[in-house]
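# Chain and residue survey
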Amino acid sequence: MADGGWISRWPVIRQLKGEDGRRDAARSARTDALRPRTEEADTVARSVCPYCAVGCGQLVYVKDGKVSQIEGDPGSPISRGRLCPKGSASKQLVTHPGRQTQVLYRRPYGTEWERLDLETAMDMIADRVVRTRRETWQETHEGKEVRRTLGIAGLGGATLDNEENYLMKKLYTALGAIQVENQARI
Amino acid sequence: MAECHPVGFQWVMEARLRGAKVFHIDPRFSRTSAVADRYLPIRAGSDIVLLGALINHVLSNELYFREYVLAYTNAATLVSKRFQDTEDLDGLFSGFDPETHRYDPSSWAYEGDEESEAEAAGADSYGARGAGASARPPSDPTLRHPRCVLQILKRHFARYTPEMVDELCGIPPEDFAELAEAITANSGRERTTAWVYSVGWTQHSVGAQYIRASAILQLLLGNMGRPGGGIMALRGHASIQGSTDIPTLFNLLPGYIAMPHAHRHEDLAHYLEMEGADTGYWGNRRSYLVSLLKSWWGDAATEDNDFCFDYLPRLTGDHGHYATVMGQIDGTVKGYFVIGENPAVGSANGKAQRLGLANLDWLVVRDLTLVETATFWKDGPELETGELRTGDIATEVFFLPAASHVEKEGTFTNTQRLLQWREKALDPLGECRSDLWFYYHLGKRIRQRLGDDEIDRPARELTWDYPEMGEHRDPSAEAVLREINGTGPDGRALSSYRELAPDGSTRCGCWIYCGVYADEVNQAARREPGSRQSWVAPEWGWAWPANRRILYNRASADPDGRPWSERKAYIWWDAEKGEWTGHDVPDFDLRKPPDYEPPDGARAEAALAGTDPFIMQSDGKGWLYVPSGLSDGPLPAHYEPHESPVLNTLYGRQSNPARRTYDRPENPYNPPGSARFPYVFTTSRLTEHHTAGAMSRSLAYLAELQPELFCEVSPQLAAEVGLVNGGWATIVTSRTAIEARVLVTERVRPLRVQRQIIHQVVMPYHWGYGGGGLVTGDIVNDLLPVVLDPNVYIQESKAGTCAVLPGRRPRGQALLDLIEEYRHG
Ligand code: SF4
């Protein structure tokens with residue numbers, strides 16, 4: 001591009017002069033000054049898309065303690081840097097305002113949510129597991145030893161980590177809870 | 001695939017650019033159909049007819065890959081004299097008990113095995129593999145014996161003709177011929193054909209047999225264990241494969257080891273005796289199970305106490321998802337954890353789900369947003385109809401916010417069995433925590449509350465020490481992964497499941513994942529860029545088992561160990577080095593030569609010959625015919641969906657005789673053949689949303705791209721019912737009625753089936769009434785009944801019947817009146 005005043009570099013003028021508006025002539029000084037958000041990130045984590053089981057690679061950019069961008073990972077031999085609409089929108093998944101960050105509690109017959117702090121909720125849940133397990137314990141069933149409870153059940157989604165599923169199955173089994181199920185059945 | 005697994009579909013497009021021909025067979029025209037070479041619309045629920053006809057075409061024209069079939073499948077094996085086929089019994093196999101609707105499969109056995117297998121199979125009595133069969137059953141290598149598997153197959157599939165495909169699937173003979181020609185021309189030494197399926201094949205009352213039919217076809221054509229071949233299950237969630245490998249499923253322990261059953265298993269020795277054959281890799285099941293028990297109960301697990309085998313609770317029947325919901329309605333299930341799941345929207349018959357939730361003592365929901373399952377007491381549809389009242393619902397509800405995938409570390413297992421480690425990008429906000437944190441700290445709290453009572457012993461003695469990290473005392477996910485991998489007597493990480501011992505000297509939380517932490521390195525975190533390694537890309541992540549990318553890849557070489565062809569070379573025998581080698585990790589004993597013959601009395605892998613690629617099977621063969629392990633027959637047979645407008649003209653049995661139904665007031669069925677429900681109904685997904693919508697409806701971009709529930713109908717159906725494009729329709733079943741915007745499109749083609757026109761209604765099911773969604777809509781799964789495949793207890797979501805009315809649905813009591821009218825009217 002020839003040197004000249006800002007007017008001659010103004011994209012409109014260049015395009016009027018016949019340069020292709022879909023190529024360089026679309027660029028302005030402002031465009032040239034723009035830098036991708038990813039460049040300024042403090043850290044980048046190598047991650048995986050949480051939606052479907054293709055398992056596209058993601059790069060998660062963090063700036064000032066917040067996710068600033070999520071991009072496809074070009075190194076991935078599965079996805080080669082591509083993400084579909086869901087994967088591309090996953091920055092919103094982790095940052096959207098509808099995400100809950102507080103524990104909520106609905107008491108029996110209650111009409112509204114109430115606040116509960118996390119520690120209290122954990123204690124209350126542990127109390128209920130211990131109590132329900134005791135109350136519904138089956139040592140035998142139809143004359144056979146079963147050592148279980150049918151009073152406690154679990155259903156997990158299939159975007160949980162393997163390590164999470166492992167601790168879930170381990171704990172439930174040790175407690176004798178057998179109705180432990182997953183989206184994988186559905 | 002282009003619609004629901006878009007980035008994976010790039011490889012199909014690459015293959016197409018290189019000359020592959022792509023057929024798309026689906027009731028619904030999707031983004032895949034748009035770019036396929038041929039789109040074949042099919043009536044939902046009729047795929048076994050199509051697959052059966054392809055099998056028949058291959059068999060009757062002798063188009064099968066004879067050398068492969070003879071060496072690698074059970075085609076030559078002789079079956080018991082007692083076996084009777086659907087041909088003999090008009091749609092039933094031998095062993096059916098009309099009282100219990102269950103089969104006694106003992107007559108399906110190989111000749112000579114009849115006595116050893118007398119137990120009925122089913123999801124609650126077997127693991128993934130079923131019981132075993134002989135390693136060397138009698139056979140006829142000429143394939144002429146009338147009781148050899150190939151001849152049984154020929155007779156069984158003879159009635160699956162192109163005319164039947166025309167009559168039941170709505171696929172005309174010329175289209176069938178094109179498909180049959182393409183798959184047979186593209187199979188053999190030089191070429192392979194792959195089949196790709198998803199829940200369109202599994203969510204049926206005969207779903208497991210859909211996959212079986214595909215397996216038979218692929219084995220006959222020599223397409224298993226070879227590059228470009230196989231049957232690819234496209235799974236819908238980031239780690240749904242992992243959730244079956246390390247299952248939160250009632251009937252399984254990690255690594256597809258069956259949960260013990262009260263009536264089948266007394267002690268460890270008895271369990272091991274009952275649970276499969278001694279030959280093939282399952283012959284090592286004692287090592288797998290004992291190592292698991294050791295990793296759960298550590299030093300408390302000793303030879304003298306059966307390694308705490310008694311600590312495992314026992315099954316007595318169906319304890320699956322839907323049985324659990326019925327238990328909630330009946331009041332036996334009191335407490336319920338729902339973790340990253342939304343059954344109020346995502347499961348069949350949502351009303352039954354919500355009635356179950358409303359009858360609990362307590363409910364814990366953990367998710368990113370307030371999903372409908374957490375808020376049913378506040379805004380569920382049953383409040384509008386008056387069936388429930390908030391003030392009457394006693395359920396105590398805890399909602400705990402979850403950490404997202406970037407706020408925790410851990411592995412997902414993708415649809416190719418590939419484990420990929422995610423690094424943590426940042427800490428979660430507020431009270432959000434990972435599920436790992438939740439279960440670890442819940443376990444600690446529960447253990448603090450235990451006494452010295454005997455019933456508490458398994459939880460008290462459980463190994464539950466993981467290093468805690470950071471401000472929130474998060475347990476180390478790497479420590480958990482290392483426990484899953486397992487350790488040897490020296491406490492070092494094991495590198496392969498072949499190192500597992502039966503004597504309690506090794507520990508391993510999931511034997512098929514053993515090696516993911518080999519050399520004390522997190523192998524799932526490997527990230528060698530694809531451009532810097534071979535096309536198999538073995539250094540990106542880690543695939544179970546043993547980082548093998550194609551299972552049973554011994555079959556990619558001929559019986560002598562040479563590649564079937566240069567084009568399709570993958571794994572081969574290197575005679576000089578005396579080992580298997582190739583592009584992938586061989587799925588075979590590295591040093592077992594092709595001419596190895598097992599000595600008499602050999603066990604486990606030693607009992608398989610050098611030409612037996614299917615090493616998990618007791619005879620090392622690909623099973624064209626399944627002598628044990630299935631609950632509804634050793635061969636696929638076409639049965640109509642539980643709700644179908646079409647008569648099964650293949651057999652005198654309309655639907656799968658062994659299917660599971662729940663005949664209860666909460667779960668009414670559309671009467672069979674009812675003129676009130678004339679249309680076929682099926683559900684689907686869209687690129688822009690994710691299953692029950694909790695992870696997509698609340699995102700502005702995605703909500704804007706697909707803002708509203710709609711039903712796709714053909715112009716002919718629109719004219720018949722009086723529907724207007726962009727207007728409203730009400731879709732009715734015996735469960736409920738919902739409303740949706742109408743999309744009239746020629747993409748939906750009415751099919752000619754049994755000389756009548758069959759209309760299909762297709763609906764995506766991503767919407768719900770709340771869930772923090774920016775867009776809301778009626779719940780499509782509320783229309784579905786609970787009727788299950790008897791092998792795996794998956795619900796029939798992909799083929800039902802419905803009525804369609806123009807306009808919006810009625811509200812309140814008027815809605816209940818409408819359903820009542822349709823149910824009985
Ligand atoms: S980006 Fe799309 S295709 Fe890739 S894993 Fe995510 S949801 Fe699946």
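Every chain begins its residue count from 1, and numbering advances along the sequence as written. To read the labels, note that chains go from A and ligands from 1, taken in the order they are written. A pLDDT threshold of at least 70 governs which residues receive local features in this predicted model, and a stricter bar of 80 or more applies before side-chain atom pairs are shown or counted, although totals over entire chains, interfaces and linings include all residues. The side-chain values count all of the structure's non-hydrogen atoms but skip hydrogen atoms and water molecules.

## Side note on the overall build of chain A
Per the secondary structure count, chain A includes seven helices and eight strands. The globule rule is 2.2 Å times the number of residues to the power 0.38, and the radius of gyration it is compared with is taken over C-alpha atoms. On C-alpha atoms alone, chain A measures out to a radius of gyration of 27 Å, which is more than a quarter above the 16 Å that the 2.2 N^0.38 rule sets for 186 residues. For chain A, the spread of C-alpha atoms along the principal axes amounts to about 95 × 40 × 30 Å. The cut-offs for exposure are 20% and 50% of the maximum accessible area for each residue type, with area from a 1.4 Å probe on protein chains only; residues under the lower value are buried, those over the upper are exposed, and the others partly exposed. A burial count over chain A gives 55% of its 186 residues as buried. A separation threshold of at least 6 residues defines the contact pool for chain A, and within that pool the share at least 24 residues apart is 31%. Here a helix means four or more residues in a row that DSSP labels H or I, a strand means two or more in a row labelled E, and each is numbered from the N terminus. Two residues qualify as a contact provided that any one of their heavy atoms is within 4.5 Å of a heavy atom in the partner residue.

## Observations regarding the overall build of chain B
Within chain B one finds 24 helices and 28 strands. In terms of C-alpha radius of gyration, chain B reaches 27 Å, essentially the compact-globule figure of 28 Å for 825 residues. A principal-axis box enclosing the C-alpha atoms of chain B has dimensions of 75 × 70 × 55 Å. Across the 825 residues that make up chain B, the buried fraction comes to 67%.

## Let's talk about the packing of helix H3 (residues 47–60) of chain B against helix H6 (residues 149–157) of chain B
Residues and elements named next belong to chain B. The geometry of H3 relative to H6 is characterised by a closest axis approach of 9 Å and an angle of 125° between their N-to-C directions. With respect to H6, the element H3 is oriented oblique. Both H3 and H6 take part in a crossing whose hand is left-handed. Facing H3, whose interface residues are Gly52, Ile55, Asn56 and Leu59, H6 presents Leu150, Leu153, Lys154 and Phe157. Broken down by class, the residue content of the contact of H3 with H6 amounts to five nonpolar, two polar and one charged. Working convention: axes come from line fits to C-alpha atoms, limited for helices to the stretch in contact. Angles between N-to-C directions cover 0 to 180 degrees. By the definition adopted for this analysis, an angle is roughly parallel if under 35 degrees, roughly antiparallel if over 145, roughly perpendicular if from 65 to 115, and oblique otherwise. Helix crossings are classified by the rotation of the near helix relative to the far one: an anticlockwise turn of less than a right angle makes the crossing left-handed, while a clockwise turn makes it right-handed. Charged residues are taken to be Asp, Glu, Lys and Arg, nonpolar residues to be Ala, Val, Leu, Ile, Met, Phe, Trp, Tyr, Cys and Pro, and polar residues to be all remaining types, Gly included.

## Some details on the sheet that holds strand E1 (residues 43–48) of chain A
All names here are of chain A. In space, the three strands of this open sheet follow the order E1-E2-E3, with antiparallel pairing throughout. With one partner strand each, in any of the chains shown, E1 and strand E3 (66–72) form the two edges of the open sheet. Each adjacent strand pair in this sheet contributes to an overall mean axis angle of 25°, direction not counted. Relative to strand E2 (residues 57–63), E1 runs antiparallel, the two sharing six bridges. Residue pairing for E2: valine 44 is matched across the bridge by tyrosine 61. Two strands are counted as paired when DSSP detects at least two bridges linking them.

## Some thoughts on the packing of aromatic side chains
All names here are of chain B. Here is the rule: rings of Phe, Tyr and Trp (six-membered ring for Trp) pair when centre to centre is within 6.5 Å. Planes less than 30 degrees apart are stacked, more than 60 are edge-to-face, and the remainder are tilted. Counting across every chain of the model gives 45 aromatic pairs over all chains. Between tyrosine 68 and tyrosine 72, the ring centres sit 5.2 Å apart and the planes meet at 80°, which makes this aromatic pair edge-to-face. With tyrosine 68 and tyrosine 72 both in helix H4 (residues 66–72) and four residues apart, this pair spans about one turn of that helix. Two conditions define a charge sitting above a ring: the NZ of Lys or the CZ of Arg must be within 6 Å of the ring centre, and it must be within 35 degrees of the ring normal. When the ring centre of phenylalanine 588 is taken as origin, the NZ or CZ atom of arginine 554, which lies over that ring, is 5.6 Å away. Sitting over the face of the ring of phenylalanine 588, lysine 592 holds its NZ or CZ atom 5.5 Å from the ring centroid.

## Quick look at the domain arrangement of chain B
All names here are of chain B. As used throughout, domain bounds are those supplied by an automatic or database domain assignment. What the domain assignment lists for chain B is domain 1 (41–233) and domain 2 (660–824). Centre-to-centre, using C-alpha coordinates, domain 1 lies 32 Å away from domain 2. In this complex, domain 1 contributes 23 residues to the contact, which on the side of domain 2 involves 23 residues. Buried area: the accessible surface (1.4 Å probe) lost by two parts on joining, summed over both. Both sides of the domain 1 and domain 2 interface together cover about 1800 Å² of buried area, and 55% of this is carbon and sulfur. Counting the surface domain 1 buries against domain 2, the share from its top three residues, Glu167, Gln203 and Ser205, is 30%.

## Things to note about the site of the ligand
Lining the immediate environment of the ligand, one finds A:Cys49, A:Tyr51, A:Cys52, A:Gly55, A:Cys56, A:Leu83, A:Cys84, A:Lys86, A:Gly87, B:Pro6 and B:Val7. Nearness is judged by heavy atoms alone; a residue qualifies as near a molecule or strand once a single heavy atom is within 4 Å of it. Neighbouring residues of the ligand are not confined to one chain but are distributed across chains A and B. Those elements that place two or more of their residues in the shell around the ligand are helix H4 (85–88) of chain A together with helix H1 (6–17) of chain B.

## Details of the state of the cysteines
Residues and elements named next belong to chain B. Working definition: a disulfide is two cysteine sulfur atoms within 2.5 Å of each other. Per the stated rule, a full pass over the model turns up zero disulfides over all chains. Distance from the sulfur of cysteine 514, which forms no disulfide, to the nearest cysteine sulfur (cysteine 508) is 4.5 Å. Residue cysteine 711 stays outside any disulfide, its sulfur separated by 8.7 Å from that of cysteine 802, the closest cysteine.

## Notes on the sheet that holds strand E12 (residues 410–413) of chain B
The sheet built from three strands is open, its strands ordered E12-E13-E16 (chain B) with antiparallel pairing. Among the strands making up the open sheet, the edge pair consists of E12 and strand E16 (542–543) of chain B. The pairing of strand E13 (residues 418–422) of chain B with E16(B) spans two bridges and is classified as antiparallel. In the strand pairing of E16(B), B:Leu419 is matched with B:Trp542. Of the strands in this sheet, E12 and E13 of chain B are in contact with helix H7 (residues 162–175) of chain A, which crosses E12(B) at around 95°.

## Here's the deal with a nonpolar patch on the surface
Residue and element names in this part refer to chain A. Residues qualify for a patch when their relative accessible area is over 30% and they have no salt bridge, like charges being joined within 9 Å and the nonpolar side chains of Val, Leu, Ile, Met, Phe, Trp and Tyr within 5 Å. Methods summary: accessible areas were calculated by the Shrake-Rupley approach with a probe of 1.4 Å, and residue burial reflects only the protein chains presented. Within this document, salt bridges are pairs made up of a side-chain nitrogen of Lys or Arg and a carboxyl oxygen of Asp or Glu, the two lying within 4 Å of each other. On the surface, a nonpolar cluster with roughly 610 Å² of combined accessible area is contributed by Trp6, Ile7, Trp10, Val12 and Leu16. At the level of secondary structure, the elements contributing two or more residues to the nonpolar patch comprise helix H1 (6–9) and helix H2 (11–16). Inspection of the secondary structure assignment puts tryptophan 6 in helix H1. Among the residues examined, tryptophan 6 registers a relative accessible area of 63% and is labelled exposed.

## Regarding the pattern of salt bridges
Applying the stated rule across the entire model yields 75 salt bridges over all chains. Between A:Glu119 and B:Arg445 there is a salt bridge; the shortest N-O distance is 2.5 Å. Taken together, the positions of A:Glu119 in helix H6 (residues 118–135) and B:Arg445 in helix H19 (residues 435–448) put the pair across two chains. For B:Arg445, a relative accessible area of 10% gives the class buried. A salt bridge links A:Asp123 to B:Arg449, with the nearest nitrogen and oxygen atoms 3.2 Å apart.

## Brief notes about the environment of B:Ser495
Within the secondary structure layout, B:Ser495 lies in the loop between helix H21 (477–485) and E16. Apart from the residues within four sequence positions on either side, B:Ser495 is in contact with B:Cys514, B:Gly515 and B:Ala518.

## Description of the interface of chain B and chain A
Think of interface size as the accessible area that goes away when the parts come together; that is how it is often given. Between chain B and chain A, the contact holds 161 residues from the first and 119 residues from the second. Buried surface at the junction of chain B and chain A, both sides included, amounts to about 12400 Å², of which 61% is carbon and sulfur. Inspection of the chain B/chain A interface yields 17 salt bridges. Residue B:Glu483 pairs with A:Lys170 through a salt bridge whose shortest N-O separation is 2.7 Å. Counted by class, the side of chain B that touches chain A contains 83 nonpolar, 50 polar and 28 charged residues. The pairing of strand E4 (residues 104–106) of chain A with strand E11 (residues 396–401) of chain B spans three bridges and is antiparallel. The residue of E11(B) that forms the bridge with A:Arg106 is B:Val397.

## Topic: the domain arrangement of chain A
Once the domains are mapped, chain A shows domain 1 (1–34), domain 2 (37–95), domain 3 (100–131) and domain 4 (136–186). The centre of domain 3 of chain A, based on its C-alpha atoms, is set 22 Å off from the matching centre of domain 4 of chain A.

## As for the nonpolar core
In this text, buried Ala, Val, Leu, Ile, Met, Phe, Trp, Tyr and Cys residues form a nonpolar core when linked through side-chain atoms within 4.5 Å. Counting 170 residues, the largest nonpolar core has B:Leu289, B:Trp297, B:Phe337, B:Phe438, B:Ile731 and B:Met763 as the members making the most contacts within it. In contact with B:Phe438, other than residues within four places in its own chain, are A:Met122, A:Ile125, B:Phe337, B:Val364, B:Arg366 and B:Leu400. B:Ile42, B:Phe96, B:Val149 and B:Leu650 belong to the second-largest nonpolar core, a separate cluster that totals 77 residues.

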